[in-house]
Amino acid sequence: MSLPYAEVIGDPIAQSKSPAIHGFWLQELDIKAKYQSTRVLTSDLDEFLTTRRTDHAWRGCNVTMPHKQAVMPFLDRLDPLAAAVGAVNTIIPEDGQLVGYNTDVPGFLEPLRSELAKTHYFRMARVIGTGGAARAIIKGLADEKLVIVLAGRNPDKARALLDELDPAGEHHAIDLAHFAEATDFAFDDREGCFDLVVNASSLGMTGQPLLVFDLSHAPPGSVFYDIVTSPLETPFLKAARAAGFRTIDGLSMLIGQADHAFRRFFGALPPRDKDAELRRVLAA
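Now for a quick tour of the structure.

Definitions and limits used
Residues numbered from 1 in each chain as written. Predicted model: local features only at pLDDT ≥ 70, side-chain atom pairs only at ≥ 80, totals over all residues. Heavy atoms only, no water. Pairing = 2+ DSSP bridges. Helix = DSSP H or I, 4+ residues; strand = E, 2+ residues; numbered from the N terminus. Axes fitted to C-alpha atoms, helices over the stretch in contact; angles between N-to-C directions. Contact = heavy atoms within 4.5 Å. Salt bridge = Lys/Arg side-chain N within 4 Å of Asp/Glu carboxyl O. Buried < 20%, exposed > 50% of the residue type's maximum accessible area, 1.4 Å probe, protein only. Right-handed = clockwise from strand over helix to strand, strands pointing away.

## Re the sheet that holds strand β7 (residues 122–128)
Spatially, the six strands line up as an open sheet ordered β9-β8-β7-β10-β11-β12, and their pairing is parallel. If you trace the sheet from one side to the other, it starts and ends with β9 (172–175) and β12 (246–248), each paired once. Here the strands of the sheet are splayed against their neighbours by 20° on average, with no regard to which way each runs. The sheet contact formed by strand β8 (residues 147–152) and β9 spans four bridges and is parallel. Bridged to A151 within β9 is I174. Packing of helix α7 (residues 155–165) onto the sheet brings it into contact with β8 and β9, and relative to β9 it is tilted by some 160°.

## Some remarks on the pattern of salt bridges
This structure, assessed with the given rule, holds 20 salt bridges. Taking the shortest distance from any N to any O, the salt bridge between E115 and K118 comes out at 3.4 Å. On the accessibility criterion, E115 (16% relative accessible area) is buried. Judged by its relative accessible area of 46%, K118 falls in the partly exposed class. Ionic pairing is found between E164 and R135, a salt bridge with its closest N-O pair at 2.4 Å. Of the two residues, E164 sits in helix α7 while R135 sits in helix α6 (residues 132–143), which places them 29 residues apart along the sequence. Overall, the relative accessible area of 47% leaves E164 in the partly exposed class.

## Topic: the environment of L29
Tracing the sequence through the fold places L29 in helix α1 (residues 18–29). With 116 residues separating them along the chain, L29 and K145 place their C-alpha atoms 37 Å apart. Apart from the residues within four sequence positions on either side, L29 is in contact with F262, A268, L269, P270 and P271.

## Looking at the pairing of β8
Of all six residues in β8, six are buried; the element is thus mostly enclosed. Side chains V147, V149 and A151 project from β8 onto one buried face, and the interleaved I148, L150 and G152 project onto a second face that is buried too. Crossover handedness for the path β7 to α6 to β8: right-handed. Crossover connection from β8 via α7 to parallel β9: handedness right-handed.

## Thoughts on the pairing of strand β10 (residues 193–199)
Counting buried positions along β10 gives six out of seven residues, so the element sits mostly inside the fold. Pairing of β7 with β10, which is carried by seven bridges, proceeds in the parallel orientation. For F122, the partnering residue across the bridge sits in β10 and is C193. Pairing between β10 and strand β11 (residues 223–226): four bridges, direction parallel. When the bridges of β11 are listed, L196 appears paired with V223.

## Some thoughts on the side chain of H217
Examined against the element boundaries, H217 turns out to sit in the loop between β10 and β11. A relative accessible area of 7% means that H217 is categorised as buried. H217 has contacts with R126, H178, F179, E181, A182, T183 and F187, leaving out every residue within four places of it along the chain.

## Regarding unusual backbone geometry
The omega torsion of the bond from D11 to P12 falls at 5°, within 30 degrees of zero and hence cis. S230 connects to P231 through a cis peptide bond whose omega is 0°. Locating P231 in the fold gives a position in the loop between β11 and α8 (235–242). If you check the backbone angles, D30 has positive phi at about 55° while not being a glycine. Following the sequence through the fold, D30 ends up in the loop between α1 and β2 (34–39). One non-glycine residue, D95, lies in the positive phi region at around 50°.

See the structure below:
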């Protein structure tokens, strides 16, 4: 009998850290299964999923860029959260059907849970980026009752994204350049409030342009969160930490979303008490 397996698909795929994360957990739990990466072209998605449907060893796959929306027409059913986000990052075979899930939302929110469990007078997130990753982040934050200021190169696209994902919300869309220039805005007393600054774009990633964000736009006590994983310590986070802000790096979301996928793939809880060791493995 073939060894059970799951995988991550995308194009390109060589940079994915998912095999290292799932492989670490499988080894720690002594589960006889494997997790691999598979490059799949957009034009081959239908054929790929048709083949996997009849593979009894296949436990499902994670989906990374640029396929998170492109896979949706080939699935039999969407989990309500994935349907609401309009993007799928995990596919699971269930009773002969392929079901699309989105674990990016809980993965993104995981390191914020202790803060979000508190009562606040006001919650605001300044989110940079209007690409695929931003969809899950916007949906997750809107559901947690944050007012979102979404910054993109195209403010019209930002506005359309907000209207699609949370039409009843009182959110704002602005040009990315707004955050690049210093402001002398006098923030009110932020005690009892929660302020978040999120880089949901590829800016600052290795080989990409830097994210230009002037720290004067961040109220006192803001939390800075960057979903970029290469480099892990982005200039955006480095500057925020040096100014005394709390920071959250991209591995937090990556490990968090993998946790929810792993449970569905292999029917076991990942050993999250080993996160520090896992981070060392991923940094090696």
